[in-house]
Amino acid sequence: MSKLIVSDLTCQRGYNELFSNLSFELNAGEILKISGANGSGKTSLLKILAGLNSAESGKLSINSNKVGSYDYQSDILYLGHLPALSPELHCKENLDYLTQLNNSNSNQELDNALKNVGLKNFEYEYAANLSAGQKRRVVLSALFVTQAKVWLLDEPFTALDSNGINVIETQITKHCDDGGICILTTHQECKLPGLRILNL
């Protein structure tokens, strides 16, 4: 069973302290929404949890594995609010790259993931030719193939229509029903069951 422990986390950007002595625990099956005004530190917190940025102080662990260790990082899937796609790669190549740390995928698994987000027949379309919504869907298709236990999702519903939002909410729910953990930021209403809220 997965367990994420955050202890006494403090984050400072320049002269501004965004949050201090932040502590919480998440167990398998839990979903946490991080709320707060623009600039309150939501994205900074996700990047610290992902091991991409360092906190001023504090400790992080997943199942006793410390942040930065291979076991910690392989349990994390971080999807930022901007679609981190290479315009020179097609959809399937971008998806494979996004999930390489957590697992290797067959061609069929990649095809199915893209189909699940409404991108059937776009497998070999280059990212440079996609709309904003389609780029977002490529990134979110990672949720259908990753084996990471902890999902960190920054504004996952941006540029999605109502059907796309429903697809992703359903996949998040399934992940947590299967023993995963999800932490997300969003300015949109969530229909996720058992949603906890952390205000920064």
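Parameters at a glance
Residues numbered from 1 in each chain as written. Predicted model: local features only at pLDDT ≥ 70, side-chain atom pairs only at ≥ 80, totals over all residues. Heavy atoms only, no water. Helix = DSSP H or I, 4+ residues; strand = E, 2+ residues; numbered from the N terminus. Expected span 1.5 Å × (residues − 1). 1 Å grid on protein atoms, 1.4 Å probe; cavity = no way out; pocket = protein on both sides within 12 Å on 5 of 7 lines; lining within 4 Å. Points joined across faces, edges and corners; volume = space filled by probe spheres on them. Buried < 20%, exposed > 50% of the residue type's maximum accessible area, 1.4 Å probe, protein only. Contact = heavy atoms within 4.5 Å. Nonpolar A, V, L, I, M, F, W, Y, C, P; charged D, E, K, R; others polar. Salt bridge = Lys/Arg side-chain N within 4 Å of Asp/Glu carboxyl O. Polar contact = N/O pair within 3.5 Å; in protein donor to acceptor, adjacent residues only side chain to side chain.

Colleague: So what exactly am I meant to see when it comes to helix α6 (residues 162–177) here?
Modeller: One full turn of an α-helix is made of 3.6 residues, so residues set three or four places apart face in the same direction. Here α6 contains 16 residues, and its C-alpha end-to-end distance of 22 Å stays within 8% of the 22 Å for a straight helix at 1.5 Å per residue. Gly179 occupies a position one or two residues after α6 and carries a positive phi of about 100°.

Colleague: I would appreciate a short explanation of empty space enclosed by the protein in the present structure.
Modeller: By rolling a water-sized probe across the atoms, one finds the places where empty space is left. Applying the stated criterion to the full structure yields 1 cavity of 30 Å³ or more. The computed volume of the largest cavity comes to approximately 40 Å³. Looking at the lining of the largest cavity, the elements with two or more residues in it are α5 (132–140) and α6. Considering each element in turn, the lining of the largest cavity owes the most residues, 3 residues, to α6.

Colleague: Quick question: what am I supposed to make of the environment of Ala37 here?
Modeller: Note that Ala37 resides in the loop between β3 (31–35) and α1 (42–49). Owing to a relative accessible area of 56%, Ala37 belongs among the exposed residues under this scheme. Expressed as a C-alpha distance, the spacing of Ala37 and Asn199, which sit 162 residues apart in the sequence, is 9.1 Å.

Colleague: Would you mind going over the environment of Ser44 with me for this structure?
Modeller: When you line up the elements, Ser44 lands in helix α1. A residue is classified by how much of its surface remains accessible, and Ser44, at 15% relative accessible area, is buried. Along the backbone, Ser44 and Val150 are 106 residues apart, and their C-alpha atoms lie at a distance of 17 Å. Leaving out residues up to four positions away in the same chain, Ser44 has contacts with Cys11, Arg13 and Leu18.

Colleague: Explain the layout of surface pockets to me, please; I cannot follow it from the model alone.
Modeller: Considering only enclosed or pocket space, the second largest pocket measures out at about 160 Å³ in volume. As for the second largest pocket, its lining consists of Leu143, Thr146, Gln147, Ala148, Lys149, Trp151, Gln171, Lys174, His175, Asp178, Gly179 and Gly180. By residue number, the principal contributor to the lining of the second largest pocket is α6, which donates 3 residues. A class-by-class count of the residues in the lining of the second largest pocket yields 3 nonpolar, 6 polar and 3 charged.

Colleague: I tried to follow the pattern of salt bridges on my own but got confused; where do I start?
Modeller: Two side chains with opposite charge may pair up if their charged atoms get near one another. Within this structure, the stated rule accounts for 6 salt bridges. Between Asp111 and Lys92 there is a salt bridge, with the nearest N and O atoms lying 2.9 Å from each other. One end of the pair, Asp111, is in helix α4 (residues 107–116); the other, Lys92, is in helix α3 (residues 91–98), with 19 residues separating them in the sequence.

Colleague: Would you take a moment to explain the side chain of Thr186 for this structure?
Modeller: Here Thr186 is to be found in the loop between β8 (181–185) and β9 (196–199). According to the relative accessible area criterion, Thr186 is buried, its value standing at 7%. Polar side-chain contacts of Thr186 include one of 3.0 Å to the backbone nitrogen of Gln188. When sequence neighbours within four positions are dropped, the list of residues in contact with Thr186 reads Lys33, Glu155 and Phe157.

Colleague: In this structure, what is going on with the side chain of Lys92? I would like to understand it.
Modeller: A residue is classified by how much of its surface remains accessible, and Lys92, at 5% relative accessible area, is buried. Once you skip the residues sitting within four places of it in the chain, Lys92 turns out to touch Asn107, Leu110, Asp111, Leu114, Glu123 and Tyr124.

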